[in-house]
Protein chains: 2
Amino acid sequence: MFPLGVGHHEAAWLAEGTDPAGMHGLAHFAGLARIAEAAAFDAVFLADQLSLRDIVEFNPHEKLDPLVVLGALAASTERIGLVGTASTTFAEPYAVARQFASLDHVSGGRAGWNIVTTAEAEASENFGGPDGVTPRRPHEERYARAAEFVEVTRGLWDGWADDALVRDRGTGRYADPARITESRHRGAHFSVRGPLNVPRPPQGHPVLVQAGASEPGLEFAARVAELVFTAQYDHDESLAFTRDLQARAARHGRRPDEVLVLPGLIPVLGATEEEARHRESALHALGGGEHSLGLLSWLLGGVDLRKLPLDAPVPDAILPAEDEVGGQRARFALLVRLARRERLTLRQLLHQIAGGHGHRVIVGTPEQVAADIERWFRSGAADGFNVMPPVLPAGLEEFTEQVVPLLRRAGIFREGYAGTTLREHLGLLRPVRTGELVG
Amino acid sequence: MFPLGVGHHEAAWLAEGTDPAGMHGLAHFAGLARIAEAAAFDAVFLADQLSLRDIVEFNPHEKLDPLVVLGALAASTERIGLVGTASTTFAEPYAVARQFASLDHVSGGRAGWNIVTTAEAEASENFGGPDGVTPRRPHEERYARAAEFVEVTRGLWDGWADDALVRDRGTGRYADPARITESRHRGAHFSVRGPLNVPRPPQGHPVLVQAGASEPGLEFAARVAELVFTAQYDHDESLAFTRDLQARAARHGRRPDEVLVLPGLIPVLGATEEEARHRESALHALGGGEHSLGLLSWLLGGVDLRKLPLDAPVPDAILPAEDEVGGQRARFALLVRLARRERLTLRQLLHQIAGGHGHRVIVGTPEQVAADIERWFRSGAADGFNVMPPVLPAGLEEFTEQVVPLLRRAGIFREGYAGTTLREHLGLLRPVRTGELVG
């Protein structure tokens, strides 16, 4: 899986080899998607936010609508999966079911939906009702709405039998109404009659993706997600996370191979480990640190970090207890654990955030990175990775040219696509209309 | 302007040369758009609905999400405009402003938004709140919401100066926050803080399109629309409509050339007029008449038409008074006038609807069709046409091969694109940030 963007390091736009002026053009997105497709990646991925934050002064923070961009990529690529983010808090299930069904149709079965509940307080101010009313929904309630949202969405996709469009020119019958059923959903959040005005997607359902790290987020993932994005720093912790998620999924009657776990991974490559470290330092030296400073301050509950020495360990007293790092901040819990365990200095912690945004950075040779990936994959600590090169497109080209061949030699990365749909790439079964899975 | 689909005649899917099985694939849409682009049409257009009606048993009625399809077409074409429909009643202004801004970015300035208020009662049942609550909004209130919706949307687009992204690698400043302003909108329907998380669209604003035919719809068009779709049967009536709309626009401080009127036009072509008539009859004979029967019955207030003789004039008593054909049915008002004036039989009226769905059908040779177009254009009865061939792609190919060369010879159809944006194709000025127009 490869997330689209200008590069994962916050100074990416300041680095040679990026073209920040091209970020809003199709050429940029299509170029990246074609590199990933040539290497036979499972999918490209578009993250999302529903507000513009002040950090745009120093970092690219604007974002095009994911469905419009992925629609364009459906035409610019042929086989790679197209995963996009849509919010269950600020959209309607009929609209979202329709958008992803449409993307699945125009791409020939390559759509995936990254389900988010959108914690940003700023977003609710962009979707307010009359006279300044902005609905703030607490964390738990957002997940309750998300659960009903996904239920409605799957019901709409399943409202059409796969063979509902009979298109019989002899009788003049275009569709068989007996094979198109209304949802007639009435729930605590939504009333949706249906049917959807788009036939059942080629994949049955677009692939469902989720990244919640909080307790309700994990339970939600265990119930509905087929791919889970996660931030993991440590092999054993990732293995424990994966096993926990599989156990939770089993309690919901699902099989372990119905939930795939993809930790984030930022590869900083060099011909030698020393060169890789040098390249990482050069990126940090480019600046752009306002974002990481703000992010860390928010993570630590608003502490003013400008008063702390950069090269001394972050005082234990200002690091929150791990169980306090919940809700929207949950994906940083393991970073806080790392900081405490390794006694990271403020500078080191800021660099972790600048380079990884809460995800794991591996600095080393292609051989070192490939060996690390193989170890996590073979042990079951990961089913794959969200590969987020620090600078794009250069970092993606390097990864596909230098690391992917080693993974192929190890027998853990495909030579080319065998199937045509995202489900086929991932080895996920196509849901049949009753909800039962068949091979 | 060319509306995408399987063909405008309701029996199109039954005709040779259409591929109803391909309707959901990108190849169908992209193929049509490329034919229209090769002929240098201004734009392709995707209509929309937010529910699936029973008529799908006999007629294609499913519809992919317009923004996803137009995103794909942005990548499949280079110059042609991309106009899509989005509802102000069942969507949020932040989301819609963002979708069309994104389409404008990925297409390099080719986006247009057909603003609809979505009258369908069925749609509200697909966007209901908790416990079966489905907000029904009366006609007038829908337009009040639409006016505020467009105001918010334009404010979001104008929240960014064209030069807000400074991307200065020397200073590390990516954007100038002084050139990105919040909307802080608070109104009767929406509260939207902003700013949008997408920079100002290449066109400033995507082109605004509208098709309301009711009194509030016309006033709305006069205030905000740059292109107006309309159903017109008669040259003089269309001229009166155009002049009325220009006068209304002038009362809102706009110039006549800021509002372009595009009547619908269904060309049924033949080498001779007789052959054209024969082709039209052959289409009618294909069947698929359930849709037009249902539509006419609804138009006439629920009359059961199956009891009437097909080949006698429709009794004057069951034709509504013209001023009763308002609201959602307003675009059929002129058809009712035509039926009364010409004493159309039930069969003729059904054929008008089957072939034109309320729009004008011209049956004749390419020379006749071209002469008709030239007459309307030169007199000011139309600024252009929404050309809706009865069967696709064949009807579009015929029009571009047989009629367009005649229009070029007459000097009223471009040989090729001079500009790159939809505004440039249409001769519409680019809005500056203050709302003032510059050349």
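The structure under discussion appears in the preceding block.
On a predicted model such as this, the values are computed, not experimentally measured, just so you know. (Residues numbered from 1 in each chain as written. Chains lettered and ligands numbered in written order. Predicted model: local features only at pLDDT ≥ 70, side-chain atom pairs only at ≥ 80, totals over all residues. Heavy atoms only, no water.)

Draft legend 1. A look at the overall build of chain A. Summing up its helical and strand segments, chain A has 14 helices and 15 strands in all. Taking 439 residues into account, the globule formula puts the C-alpha radius of gyration at 22 Å, and chain A, at 22 Å, falls close to it. Out of the 439 residues in chain A, the part that is buried amounts to 61%. For chain A, restricting intrachain contacts to residue pairs at least 6 apart in sequence, the fraction spanning at least 24 positions comes to 77%. When the accessible area of chain A is evaluated, it comes to approximately 16300 Å², of which 50% is carbon and sulfur surface. With 45 positive and 58 negative side-chain charges, chain A shows a spacing of 5 Å between the two charge centroids. (Helix = DSSP H or I, 4+ residues; strand = E, 2+ residues; numbered from the N terminus. Rg over C-alpha atoms; globule rule 2.2 N^0.38 Å. Buried < 20%, exposed > 50% of the residue type's maximum accessible area, 1.4 Å probe, protein only. Contact = heavy atoms within 4.5 Å. Areas by Shrake-Rupley, 256 points an atom, 1.4 Å probe, with all protein chains shown as cover. Lys, Arg positive; Asp, Glu negative; His and termini not counted. Charge placed at Lys NZ, Arg CZ, Asp CG, Glu CD.)

Draft legend 2. A look at the relation of the copies chain B and chain A. Mapping chain B onto chain A is achieved by rotating through 180° and translating by 0.0 Å along the same axis, at an RMSD of 0.0 Å. Viewed as a symmetry operation, the transformation between the two copies matches a two-fold axis. Distance from the rotation axis, computed per C-alpha, reaches its smallest value in chain B at B:A72: 2.0 Å. The overlap is high: 100% of the interface residues of chain B also sit at the interface in chain A, so the same surface is used on both sides. (Least-squares fit on C-alpha atoms with pLDDT ≥ 70 in both.)

Draft legend 3. Expanded view of the pairing of strand 2 (residues 43-46) of chain B. All names here are of chain B. Because side chains alternate across strand 2, one face comprises the buried residues A43 and F45, and the other comprises V44 and L46, equally buried. As judged from the two bridges shared by strand 1 (residues 2-3) and strand 2, these two strands associate in the parallel manner. Looking at strand 2, one finds that P3 is bridged to F45. A crossover links strand 1 with its parallel partner strand 2, the connecting element being helix 1 (residues 26-38), and its sense is right-handed. The parallel pair strand 2 and strand 3 (residues 81-87) is bridged by helix 2 (residues 66-76), and the resulting crossover is right-handed. (Pairing = 2+ DSSP bridges. Right-handed = clockwise from strand over helix to strand, strands pointing away.)

Draft legend 4. Summary view of the pattern of salt bridges. What the rule picks out here adds up to 54 salt bridges over all chains. Measuring nitrogen to oxygen at the nearest pair gives 3.1 Å for the salt bridge that ties A:E125 to B:R193. Taken together, the residues span two chains, with A:E125 in helix 4 (residues 121-126) and B:R193 in the loop between strand 8 (191-192) and strand 9 (207-210). Judged by relative accessible area, which is 22%, A:E125 ranks as partly exposed. Salt bridges sharing common partners tie together A:E57, B:D163, B:R173, B:D176 and B:R179. (Salt bridge = Lys/Arg side-chain N within 4 Å of Asp/Glu carboxyl O.)

Draft legend 5. Up close: the nonpolar core. Of all hydrophobic cores here, the largest spans 186 residues; its most connected members are A:F41, A:L73, A:W113, B:F41, B:L73 and B:W113. Ignoring anything within four residues of it in the chain, the contact list for A:W113 reads A:G84, A:A86, A:T88, A:V96, A:F100, A:F149, A:V150, A:T153, A:W157, A:V207, A:L208 and A:V209. (Core = buried A, V, L, I, M, F, W, Y, C linked by side-chain atoms within 4.5 Å.)

Draft legend 6. Seen up close, helix 5 (residues 139-157) of chain A. Spanning 19 residues, helix 5 of chain A covers 27 Å between terminal C-alpha atoms, matching the ideal 27 Å at 1.5 Å per step. Those residues of helix 5 of chain A not exposed but buried are A:R142, A:Y143, A:R145, A:A146, A:E148, A:F149, A:V150, A:V152, A:T153, A:L156 and A:W157. (Expected span 1.5 Å × (residues − 1).)

Draft legend 7. Local environment of the interface of chain B and chain A. Of the residues lining the interface, 76 residues belong to chain B; the matching set on chain A comes to 77 residues. Together, the buried faces of chain B and chain A total about 6300 Å²; carbon and sulfur atoms form 57% of this surface. For the pair chain B and chain A, the number of links is six salt bridges. For A:R173, the salt bridge is made with B:E57, and the minimal N-O distance between the two is 3.3 Å. There are 41 residue pairs in polar contact (both at pLDDT 80 or more) connecting chain B and chain A. Taken together, the elements giving at least two residues each to the side of chain B that touches chain A come down to helix 2, helix 3 (93-106), helix 4 (121-126), strand 5 (165-168), strand 6 (173-175) and strand 8 of chain B. (Buried area = accessible area lost by both parts, 1.4 Å probe. Polar contact = N/O pair within 3.5 Å; in protein donor to acceptor, adjacent residues only side chain to side chain.)

Draft legend 8. The pairing of strand 12 (residues 360-364) of chain A, seen in detail. Residues and elements named next belong to chain A. Counting buried positions along strand 12 yields four of five residues, so the element is predominantly enclosed. Pairing of strand 11 (residues 260-269) with strand 12, which is carried by five bridges, proceeds in the parallel orientation. By the bridge assignment for strand 12, L269 is matched with G364.

Draft legend 9. Layout of unusual backbone geometry. Here the residue pair B:G194 and B:P195 is connected by a cis peptide bond, since its omega of -5° sits within 30 degrees of zero. Turning to its location among the elements, B:P195 is positioned in the loop between strand 8 and strand 9. B:L392 connects to B:P393 through a cis peptide bond whose omega is 0°. With respect to the helices and strands, the residue B:P393 is situated in the loop between strand 13 (386-387) and helix 13 (394-409). At A:R184, a residue that is not glycine, the phi angle is positive and equals roughly 45°. By secondary structure assignment, the location of A:R184 is in the loop between strand 6 (173-175) and strand 7 (185-186). Residues other than glycine seldom take positive phi values, yet B:T118 does so here, at roughly 55°. Relative to the helices and strands, B:T118 resides in the loop between strand 4 (111-116) and helix 4. Residue B:T118 is classed as buried on the basis of its relative accessible area, which comes to 11%.

Draft legend 10. Highlighting helix 12 (residues 366-379) of chain A. All names here are of chain A. Its 14 residues give helix 12 an end-to-end C-alpha distance of 20 Å, which sits within 8% of 20 Å, the value for a rise of 1.5 Å per residue. Where helix 12 is concerned, the buried positions are P366, V369, A370, D372, I373 and W376. All buried residues of helix 12 project into a common sector of 160° when viewed along the axis, lining one side. The inward-facing, buried residues of helix 12 contact helix 7 (235-251), strand 11, strand 12 and helix 13 (394-409). With its phi angle positive at about 90°, G380 sits one or two positions after the end of helix 12. (Arc of directions from axis to C-beta.)

Draft legend 11. A look at the packing of helix 2 (residues 66-76) of chain A against helix 3 of chain B. Running from N to C, helix 2 of chain A and helix 3 of chain B cross one another at 35°; their axes reach a closest spacing of 8 Å. Crossing of helix 2 of chain A against helix 3 of chain B: the hand is right-handed. Where helix 2 of chain A abuts helix 3 of chain B, its residues A:P66, A:V68 and A:V69 lie against B:R98, B:Q99, B:S102, B:L103 and B:V106. (Axes fitted to C-alpha atoms, helices over the stretch in contact; angles between N-to-C directions. Left-handed = near helix turned anticlockwise from the far one by under 90°.)

Draft legend 12. Focus on the side chain of B:T85. All names here are of chain B. As for its position among the elements, T85 is in strand 3. Engagement of the side chain of T85 in a polar contact is seen with the side chain of N114, the distance being 3.0 Å. Among all residues touching T85, those that are not within four sequence positions of it are F45, L46, A47, D48, P66, N114 and V116.

Draft legend 13. Examining the packing of aromatic side chains more closely. Residue and element names in this part refer to chain A. Per the stated rule, a full pass over the model turns up 24 aromatic pairs over all chains. For the pair F90 and F127, a centre-to-centre distance of 5.1 Å together with 35° between the ring planes defines the contact as tilted. Of this pair, F90 sits in the loop between strand 3 (81-87) and helix 3 (93-106) while F127 is found in the loop between helix 4 and helix 5, placing the two residues 37 residues apart along the sequence. On the accessibility criterion, F90 (12% relative accessible area) is buried. (Phe/Tyr/Trp six-rings, centres within 6.5 Å; stacked < 30°, edge-to-face > 60°.)

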